[in-house]
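Below, each chain spelled out in residue letters.
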Amino acid sequence: HVAALLELLGTPCTEGGPTCLGLCHNKMYVSAIAKTFGIPVPEERYFDPSDQSASLPSVFPALVKPARGDGSIGITKYSIAHNAEQLVDSIDRLNKTLPGMPLLIQEYLPGPEYTVGVIGNKDNLEILIPLEADFTNIPAEYQNINSFEIKFGVEKATVELKQAKLS
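Now for a quick tour of the structure.

A few words on the packing of aromatic side chains. All chains considered together, the criterion is met by one aromatic pair. Between Phe-148 and Phe-152 the ring centres are 4.8 Å apart and the planes differ by 35°, which places this aromatic pair in the tilted class. We note Arg-93 situated over the ring of Tyr-78; from NZ or CZ to the ring centre the distance is 3.6 Å.

To continue, consider the sheet that holds strand β4 (residues 103-107). Pairing within the open sheet is antiparallel, and its four strands lie in the order β1-β4-β2-β3. With partners counted over all chains shown, the strands left at the sheet margins are β1 (44-47) and β3 (80-81), one partner each. Sheet topology note: the strand β2 (residues 62-66)/β4 ladder contains five bridges and is antiparallel. Each bridged residue has a counterpart across the sheet, and for Lys-65 the counterpart in β4 is Leu-104. The sheet contacts of helix α4 (residues 84-97) involve β1, β2, β3 and β4, and relative to β2 the element is tilted by about 10°.

This next bit is on the layout of surface pockets. Over the atoms, a rolling probe the size of a water molecule traces out where space has been left empty. In this structure, the largest pocket encloses a volume near 1800 Å³. Looking at the largest pocket, it is lined by 37 residues, and the ones nearest its centre are Lys-27, Val-30, Lys-65, Glu-113 and Tyr-114. For the lining of the largest pocket, the secondary-structure elements that each account for two or more residues are α2 (18-24), α3 (27-36), β2, β4 and β5 (114-115). Here the lining of the largest pocket takes five residues from α3, the largest share from any one element.

Rules behind the numbers
Residues numbered from 1 in each chain as written. Predicted model: local features only at pLDDT ≥ 70, side-chain atom pairs only at ≥ 80, totals over all residues. Heavy atoms only, no water. Phe/Tyr/Trp six-rings, centres within 6.5 Å; stacked < 30°, edge-to-face > 60°. Lys NZ or Arg CZ within 6 Å of the ring centre and 35° of its normal. Pairing = 2+ DSSP bridges. Helix = DSSP H or I, 4+ residues; strand = E, 2+ residues; numbered from the N terminus. Contact = heavy atoms within 4.5 Å. Axes fitted to C-alpha atoms, helices over the stretch in contact; angles between N-to-C directions. 1 Å grid on protein atoms, 1.4 Å probe; cavity = no way out; pocket = protein on both sides within 12 Å on 5 of 7 lines; lining within 4 Å. Points joined across faces, edges and corners; volume = space filled by probe spheres on them.

In structure tokens:
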């Protein structure tokens, strides 16, 4: 909401505008937008914890995370489920941590993770050098995910970002 407040006050800022940030906080919108541009995204299912008739996916491993938010809030070393029991456990943990929050259950795609920065406005965009996440220094139980604990230093380990070697 800070971007919206700054816009109302006429104060320039260097982040995306309030509409952009609002869209980006809804992970289902981000996936849908990516699909419209032909960007492959993992299979996913929206899960409303109040829906007692919801069926759970049976594709494993699965990544369980809040459907809204940023900063890896709600993503922990328990977010990857390798079977139905772990999936239910992950859902229960999130329901206790973030009560009532809709969840997103995605097909977990192992492999490299990239970050690409973009600077500019509509007609003048500059794409920065892609960076690849290096998970070498994080504990194995985090299964190569940049969880809240890793991002915010709860664990004494960090994910290093290095210039990506793309072919």
